[in-house]
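One letter stands for each residue in the lines below.
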Amino acid sequence: MLFALMESSRSAVASVLAHGLRSFLTTLGIVIGVAGVIAVVSLTEGLSASVTDQFQALGTDSLTVRSYTPIKDRMKGIQSRLNDSDLSLIETRVEGISSITPILFARRASQVRFGSQTTFSQIFGTTQAYQDVAQAYAEQGRFLVNSDSKTRRRVCILGETVREQLGLPRNAVGEYVEIGKEWFKVIGILEPKGELMGFDQDDRVILPYQTMQSLLGNQSQTDIQIQLTVADQSNIPVVVARVRSLLRKAHGLTREDDDDFRIQTAEQLSETFDRIITTVTLVVGGIVSISLLVGGIGIMNIMLVSVTERTREIGICKAIGAKRHHILMQFLVEALLLSLLGGIIGLLLGYGLGVLIAMSIPSFPPATIPLWSIVLALGFSAFVGIIFGILPAAKAANLDPIDALRYG
Amino acid sequence: MALIELQAIEKHYVMGDQTVRALDGIDISIASNEYIAFVGSSGSGKSTMMNILGCLDRPSAGLYHLNGKNVAQLNQNELAEIRNLEIGFIFQSFNLLPRANALSNVMQPLIYRGVAYKERKKLAMTALDRVNLVDRIDHLPNQLSGGQQQRVAIARALVTEPSILLADEPTGNLDSRTTIEIMKLFDELQQEGHTVIVVTHEAEIANHCHRIVELKDGKISNDHRQDGVS
Ligand SMILES: Nc1ncnc2c1ncn2[C@@H]1O[C@H](COP(=O)(O)OP(=O)(O)OP(=O)(O)O)[C@@H](O)[C@H]1O
Ligand SMILES: [Mg+2]
């Protein structure tokens, strides 16, 4: 068996090399299929590894509570809100919280100006605790302290992107910027955090919470987000349940009503992301299977041509003693070799493509190919080669020696 | 005991509503180390006879004993094994594998016998030496003259040390000088102990043989012995 396999491989290699260009063209279908799957896998693997890291950095022990308006309420013009009393309710009545902070967003991206430079940025007000909850630290100057908020000081902390866009010096502490017609003193610059899923985390301006409230004016209209971290990560489900029941009661929701808020954990975010990746992978997988099918048919076609071309050779081999399985093996191994060749070329091409794409998109994580995808791609190519090689190989093996010798 | 024993061998080809009796009741017995020629006009059944003797084809009826074994009823794989072990074919058109060099062509039958590469090469070199072609072992068939190609084919037939060498018009594609060369080789092989069966329609070639069997319309019309010219 091993002997027959080795002898067949020898002649298969010779025959594939004898028709170099034809062999290459034959394998194109497989090449494209495998290249496609490897490119996508290498990109999504890199992406999800980096996103998982980023979620980890975000803190798997943190929760975000935000208001949520069901569609049928929105049509009635009702807007759900979270406010300071919800915050203090959670703060005082839920156990196991290590830090908690409100976040109050400006209604829309606002203009920030320094000298003649202007930029639009996300502006929100929060408290000192934000530092612990969001792992946001000042690189220059200092972060907010409670007195900033209490006295509604006109101070701000800038993200690195904002500092750059305003043309502020590296150490911008002490400069004044104009936000919504008011002047704010820069007291700190945040450590750069990079991007999370294409969203620049350094494009932000942080104000003291109560300063923001006074800027927005009308108190009853405010809608805050509440971010908190739990002391013990395994406690998250308990905390989530407790927050939920407290808020439902406080908002006077009955059994039939849906929640008018959402509690989001880092884990949920990463699960959502994983679902997106899975969907993309499935769609690409579908396209790739079609391409592998077409590739397989291409191999079958060329193998049938090859059997016809070599009918006389098959006759000669049979005349000098080749049995059915010798001929069958020879053609099957040739089909296998073609498809594996396509698989390997596709693998290299796909990886190259993945690296290229990853490099051409700024801040995209580097492409990686996991071992399982290599095994899968080569396994699939081999499978396709054998399945589509069987018919031509059987045709060759079943030729009558005399008919074959007389052919041509 | 005879090496080959044919009894009432028939081979029929059905073409639409008419049946061609390519062989029509052949009885013949061939002993070991005979040197025998099948002659006859075109269409008399010589090649059909050769194919059946060589186990490439099965008779429609009759008994064929080769080395005392009835091979008429064997299946394709069993016939392939007999061809590999007992028969050495030499064809008019050489029938070498076009993409394999002389050495590989000669080694090929040994693959089907499971002989390892080193041993294969050694045996093939011996056979090529026998036909005086050791200096051409890495030539492809299309880089060899007709006579050289036929000698490679003879080496390929010899390498398995078969009981019978079967040659169907072995010199049909060769000029007269090369023909003499090849026939001398057959003479020598017969003297070395091989059983040689040649199909031909040339009297000069038949005259090398010690026994001449004439076919006519699928029947044996004449079977006589003579002293070889060689
Ligand atoms: N595959 C076939 N199908 C139908 N008829 C065939 C087939 N092979 C041979 N025949 C017929 O059988 C008869 C004998 O053919 P064969 O090839 O044995 O003749 P031959 O003596 O070798 O002739 P030649 O000297 O021309 O080679 C011929 O009438 C031929 O037409
Ligand atoms: Mg003939």
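Residues numbered from 1 in each chain as written. Chains lettered and ligands numbered in written order. Predicted model: local features only at pLDDT ≥ 70, side-chain atom pairs only at ≥ 80, totals over all residues. Heavy atoms only, no water.

Draft legend 1. The arrangement of the overall build of chain B in detail. Secondary structure summary: chain B contains seven helices and ten strands in total. Compactness check: chain B gives a C-alpha radius of gyration of 17 Å against a globular reference of 17 Å for 230 residues, within 12% of the reference. Seen through its C-alpha atoms, chain B measures out along the principal axes to roughly 50 × 40 × 40 Å. Taken across its 230 residues, chain B has 53% of its residues classed as buried. The contacts in chain B between residues at least 6 apart in sequence include a share of 67% that link residues at least 24 apart. Summed over all atoms, the accessible surface of chain B reaches about 10100 Å², with 46% contributed by carbon and sulfur. Side-chain charges in chain B split into 22 positive and 28 negative, and the spacing between the mean points of these groups amounts to 7 Å. (Helix = DSSP H or I, 4+ residues; strand = E, 2+ residues; numbered from the N terminus. Rg over C-alpha atoms; globule rule 2.2 N^0.38 Å. Buried < 20%, exposed > 50% of the residue type's maximum accessible area, 1.4 Å probe, protein only. Contact = heavy atoms within 4.5 Å. Areas by Shrake-Rupley, 256 points an atom, 1.4 Å probe, with all protein chains shown as cover. Lys, Arg positive; Asp, Glu negative; His and termini not counted. Charge placed at Lys NZ, Arg CZ, Asp CG, Glu CD.)

Draft legend 2. Structural context of the overall build of chain A. A count of helices and strands for chain A gives 14 helices and 13 strands. A compact globule built from 408 residues would reach a C-alpha radius of gyration of about 22 Å, whereas chain A, at 33 Å, exceeds it by more than 25%. Contacts spanning at least 24 positions in sequence make up 78% of the contacts within chain A whose residues lie at least 6 apart. Surface exposure of chain A reaches about 20200 Å², of which carbon and sulfur atoms provide 61%. Put simply, chain A has 36 plus and 37 minus side-chain charges, and the middle of one group is 4 Å from the middle of the other.

Draft legend 3. Inspection of the interface of chain A and chain B at higher detail. Taken residue by residue, the interface counts 24 residues in chain A and 28 residues in chain B. A combined buried area of about 2200 Å² lies between chain A and chain B, and 59% of that area is made up of carbon and sulfur atoms. Connecting chain A to chain B are three salt bridges. Here Lys323 of chain A ties to Glu81 of chain B by a salt bridge, and the two come within 2.6 Å at their closest N and O atoms. Connecting chain A to chain B are eight residue pairs in polar contact (both at pLDDT 80 or more). For the side of chain A that touches chain B, the elements supplying multiple residues, two or more each, are helix 1 (2-18), helix 11 (311-319), helix 12 (324-360) and helix 14 (401-406) of chain A. Of the residues in the side of chain A that touches chain B, the class split is eleven nonpolar, three polar and ten charged. (Buried area = accessible area lost by both parts, 1.4 Å probe. Salt bridge = Lys/Arg side-chain N within 4 Å of Asp/Glu carboxyl O. Polar contact = N/O pair within 3.5 Å; in protein donor to acceptor, adjacent residues only side chain to side chain. Nonpolar A, V, L, I, M, F, W, Y, C, P; charged D, E, K, R; others polar.)

Draft legend 4. Expanded view of the sheet that holds strand 3 (residues 35-39) of chain B. All names here are of chain B. Read across the open sheet, the six strands follow the order 6-7-8-3-9-10; overall the sheet is mixed. Strands at the two margins of the open sheet, each flanked by one partner only, are strand 6 (87-90) and strand 10 (219-225). Ignoring which end each strand starts from, the neighbouring axes of this sheet average 15° apart. Relative to strand 8 (residues 195-199), strand 3 runs parallel, the two being bridged by four bridges. When the bridges of strand 8 are listed, Ile36 appears paired with Ile197. (Pairing = 2+ DSSP bridges. Axes fitted to C-alpha atoms, helices over the stretch in contact; angles between N-to-C directions.)

Draft legend 5. Examining the sheet that holds strand 2 (residues 18-30) of chain B more closely. Residues and elements named next belong to chain B. Read across the sheet, four strands follow the order 2-1-4-5 without closing on themselves; strand pairing throughout is antiparallel. Either end of the sheet is taken by a strand with one partner, and the two such strands are strand 2 and strand 5 (69-70). Direction of pairing for strand 1 (residues 4-15) relative to strand 4 (residues 61-66): antiparallel, over a ladder of five bridges. Note that in strand 4 the partner of Leu6 across the bridge is Tyr64. Here helix 1 (residues 46-53) sits on the sheet and contacts strand 1, strand 2 and strand 4; the angle it forms with strand 1, its principal contact strand, is near 120°.

Draft legend 6. Focus on the site of ligand 1. Lining the immediate surroundings of ligand 1 are 14 residues, of which Ser42, Gly43, Lys46, Ser47 and Thr48 of chain B lie closest. With respect to ligand 1, the chains having nearby residues are chains A and B. Ser47 of chain B is positioned with one of its side-chain polar atoms (N or O) 2.7 Å from an oxygen atom of ligand 1. Measuring from an oxygen atom of ligand 1, one finds a side-chain N or O atom of Thr48 of chain B at 2.5 Å. Taken by itself ligand 1 offers 630 Å² of open surface, and the protein chains cover 68% of this. Of all the secondary structure elements, the ones that give two or more residues to the shell around ligand 1 are strand 1, strand 2 and helix 1 of chain B. Of all the elements, helix 1 of chain B adds the most residues to the shell around ligand 1, at three residues. Of the residues that constitute the shell around ligand 1, the class distribution is four nonpolar, seven polar and three charged. (Near = heavy atom within 4 Å.)

Draft legend 7. Quick look at the confidence of the model for chain B. Of all residues in chain B, 99% attain a pLDDT of 70 or more, and the chain-wide mean is 93. Of the two predicted TM-score estimates for the complex, the pTM is 0.72 and the ipTM is 0.93. (pLDDT = per-residue confidence, 0-100.)

Draft legend 8. Here's a closer look at the domain arrangement of chain A. What the domain assignment lists for chain A is domain 1 (2-54 + 271-406) and domain 2 (61-266). Distance from the C-alpha centre of domain 1 of chain A to the C-alpha centre of domain 2 of chain A: 54 Å. (Domains from an automatic or database assignment.)

Draft legend 9. Examining the pattern of salt bridges more closely. Inspection of every chain in the model, using the stated rule, returns 26 salt bridges over all chains. A salt bridge links Arg153 of chain A to Asp148 of chain A; its shortest N-O distance comes to 3.1 Å. Taking the relative accessible area as the measure of exposure, Asp148 of chain A reaches 0% and is therefore buried. Where Asp57 of chain B meets Lys11 of chain B, a salt bridge forms, and the shortest distance between an N and an O atom there is 3.4 Å. On the criterion of sequence distance, the pair formed by Asp57 of chain B in the loop between helix 1 and strand 4 and Lys11 of chain B in strand 1 is long-range, its members being 46 residues apart. Note on accessibility: Asp57 of chain B and Lys11 of chain B belong to one class, buried.

Draft legend 10. Seen up close, the packing of aromatic side chains. What the rule picks out here adds up to four aromatic pairs over all chains. Relative to Phe143 of chain A, the ring of Tyr130 of chain A has its centre 6.3 Å away and its plane inclined at 5°; by these criteria the two rings are stacked. Taken together, the residues span a long stretch of sequence, with Tyr130 of chain A in helix 5 (residues 130-133) and Phe143 of chain A in the loop between strand 5 (138-141) and helix 6 (146-150) at a distance of 13 residues. In this pair, the class of Tyr130 of chain A matches that of Phe143 of chain A, namely buried. Seen from their ring centres, Phe89 of chain B and Phe91 of chain B are 5.5 Å apart, and the 15° between their planes marks the pair as stacked. The class for Phe89 of chain B is buried, based on a relative accessible area of 7%. For Phe91 of chain B, a relative accessible area of 12% corresponds to the buried category. What links up through ring pairs into an aromatic cluster is the set Phe105, Phe124, Tyr130 and Phe143 of chain A. Sitting over the face of the ring of Tyr68 of chain A, Arg262 of chain A holds its NZ or CZ atom 3.9 Å from the ring centroid. (Phe/Tyr/Trp six-rings, centres within 6.5 Å; stacked < 30°, edge-to-face > 60°. Lys NZ or Arg CZ within 6 Å of the ring centre and 35° of its normal.)

Draft legend 11. Fine view of the state of the cysteines. In total, this model carries zero disulfides over all chains according to the counting rule given. Summary of cysteine pairing: Cys55 of chain B is not part of a disulfide, and the nearest cysteine sulfur, belonging to Cys317 of chain A, is at 18 Å. (Disulfide = S-S within 2.5 Å.)

Draft legend 12. A look at the side chain of Gln108 of chain B. Residue and element names in this part refer to chain B. Counting through the fold element by element, Gln108 comes out in helix 3 (residues 102-111). Accessibility expressed as a relative area gives 15% for Gln108, which makes it buried. Within the structure, the side chain of Gln108 is placed 2.9 Å from the side chain of Tyr112, a separation counted as a polar contact.

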